[in-house]
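Residues per chain, in single letters:
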Amino acid sequence: MRTGIDGRLGGVHRFQVQLLTSGLLQVGWCTDQCNFYPESGEGVGDDFESVAYDGYRQRKWHGTAEEKAYGDKWRAGDVIAAELDLDNDRVVFYRNGESLGVAFGVNEQGAMEGSGCGFSGLARDRTWYPAFSLASEQGLVFLSANDHLHSDNSNNNSSSSSSGRNSQESDDAVESPVVQKDADRDEAKQRSIAGMAHELRELGVVRAFKICFEFQDLDTFPCIALSLPGRLGRITVAPLTNMEHLSTYLQPQWWAVWTSDRSANPSVRSASAPDLAQWFAGCVAGGPGVRKCAMLTNNMALASCVYFAVLADGRVCVAATRGAWPLAAATAAAAEEDAPVVFDVGVSATSEDGGQYADHVWLPVVSPAVVSFDLHIICA
């Protein structure tokens, strides 16, 4: 998909996300004139230059929320699609492939949807972008984007054959080879993840995901943490650096540390970098509350991946690697470099039969030092 969508070119545009949590999120579209104010909780849909669907409160937003309910109550794992139809001047949202109906614009009965919150049409003199806003502890994964889908032109008086032909001609005029290249890459990635998920399940893995991240320097202390259910603690992955020794600074050792009670751990998101670094170094040195720690690798590039796998027998496998993760090592810690580290956190942590931890959300969080990251669900 191109960086932005020129409203003057029309077309039907759709992107999809998969929800990692079921709480307060807003998914939709915004223009290049939209203003966000995260300090006051204003994101996509809270501005009249944007539209959004909120499945937590079952509302649609355009500056304000419309009084009547919209859509279904969403759940973690749902795939939400947001469709911007510039040909028919409307916005439609989908949950797991099922249309939730026209949110904004003229519906099938000819009535204007969204008028209750001030919607009067999509701006054609704007550049449009996919957008989403998340409350604290919420997450989603961007799955795909389809540029210039065929419009059914249901509000056009021309015949269906003429509408289809004109739509195809419009597609041919503005389609870019970059769009097909991105689509092919996304399809290949999905096939690869599906194959990996099948192999992992055969090895007894019930959940697996990887997080690819980038950071600028070690002074700000990049850190990734995975909270375990109940009071089973937290697994933290970070570099161990000593600023007094330049060689250690340039080639840090990356460790995975399992601490006993996450309530006693500093906040990865709000603690200062020096405090986090000092706490982590103390954990590696065998500080109080440390159940186990192990070195993952002696060096990691500035753009790297960390894998987490939760096994049915109660173990959690962590791997930090620059290349492909050896799937066979998911059930045991191998001896070679970049091998996974396995923490035995207990069978109850992965209870699949309605146990006390069955609804736990396995969602890693990163420190502000991580300038960008992509979370990919392999199996869940």
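Residues numbered from 1 in each chain as written. Predicted model: local features only at pLDDT ≥ 70, side-chain atom pairs only at ≥ 80, totals over all residues. Heavy atoms only, no water.

Describing the pattern of salt bridges
Next, step 1: Counted under the stated rule, the structure contains 9 salt bridges.
Next, step 2: Among the salt bridges present, the one from E83 reaches R14, with a minimum N-O distance of 2.5 Å. Placement of the pair is E83 in strand β7 (residues 79-85) and R14 in strand β2 (residues 12-19), with a sequence separation of 69 residues.
Next, step 3: Put simply, E49, D125 and R126 are held in one network by salt bridges that share partners. (Salt bridge = Lys/Arg side-chain N within 4 Å of Asp/Glu carboxyl O. Helix = DSSP H or I, 4+ residues; strand = E, 2+ residues; numbered from the N terminus.)

Some remarks on the nonpolar core
Taken as a class, soluble globular proteins show a tendency for nonpolar side chains to be buried jointly.
Next, step 1: Ranked by internal contacts, the top residues of the largest apolar core, which has 32 residues, are V306, F308, V316 and V318.
Next, step 2: With residues near it in sequence (within four places) discarded, V316 still touches L226, L228, I235, A309, V310, V341, V342, F343, V345 and W362.
Next, step 3: Grouped together as the second largest cluster of nonpolar side chains are 26 residues, F15, W29, I80 and A103 included. (Core = buried A, V, L, I, M, F, W, Y, C linked by side-chain atoms within 4.5 Å. Buried < 20%, exposed > 50% of the residue type's maximum accessible area, 1.4 Å probe, protein only. Contact = heavy atoms within 4.5 Å.)

Digging into the packing of aromatic side chains
Next, step 1: Summed over all chains, the structure comprises 12 aromatic pairs.
Next, step 2: An angle of 75° between the planes, with centres 5.2 Å apart, marks the rings of F15 and W29 as edge-to-face. Of this pair, F15 sits in strand β2 while W29 sits in strand β3 (residues 25-31), placing them 14 residues apart in sequence. The two residues F15 and W29 agree in class, both being buried. (Phe/Tyr/Trp six-rings, centres within 6.5 Å; stacked < 30°, edge-to-face > 60°.)

Brief notes about the side chain of D54
Next, step 1: Structurally, D54 can be placed in strand β4 (residues 50-54).
Next, step 2: Residue D54 is classed as buried on the basis of its relative accessible area, which comes to 0%.
Next, step 3: A polar contact of 2.5 Å, which involves the side chain of D54, links it to the side chain of R57.
Next, step 4: Residues contacting D54, with those up to four places away along its chain left out, are L24, L25, Q26, R59, W61 and W74. (Polar contact = N/O pair within 3.5 Å; in protein donor to acceptor, adjacent residues only side chain to side chain.)

What to know about the confidence of the model for the chain
Next, step 1: For the chain, mean pLDDT is 75; residues scoring 70 or higher make up 71% of the total.
Next, step 2: Least confident of the elements in the chain is helix α1 (residues 160-174), whose mean pLDDT is 32; most confident is strand β8 (residues 90-95), at 95.
Next, step 3: Confidence drops under pLDDT 50 across residues 147-182; counting only partners more than four residues distant or on other chains, this segment forms 41 contacts.
Next, step 4: Per-residue pLDDT stays below 50 along residues 245-249; that stretch engages in 8 contacts with residues further than four places along the chain or on separate chains. (pLDDT = per-residue confidence, 0-100.)

What about the environment of M295?
Next, step 1: Within the fold, M295 resides in strand β17 (residues 290-297).
Next, step 2: Sequence separation of M295 and W254 is 41 residues, and the distance between their C-alpha atoms is 5.8 Å.

Things to note about the side chain of D47
Next, step 1: Looking at the secondary structure, you find D47 in the loop between β3 and β4.
Next, step 2: For D47, which is buried and forms no salt bridge, the nearest opposite charge comes from R126, at a distance of 8.4 Å.
Next, step 3: Within the structure, the side chain of D47 is placed 3.2 Å from the backbone nitrogen of N35, a separation counted as a polar contact.
Next, step 4: When sequence neighbours within four positions are dropped, the list of residues in contact with D47 reads C34, N35, H62 and G63. (Lys, Arg positive; Asp, Glu negative; His and termini not counted.)

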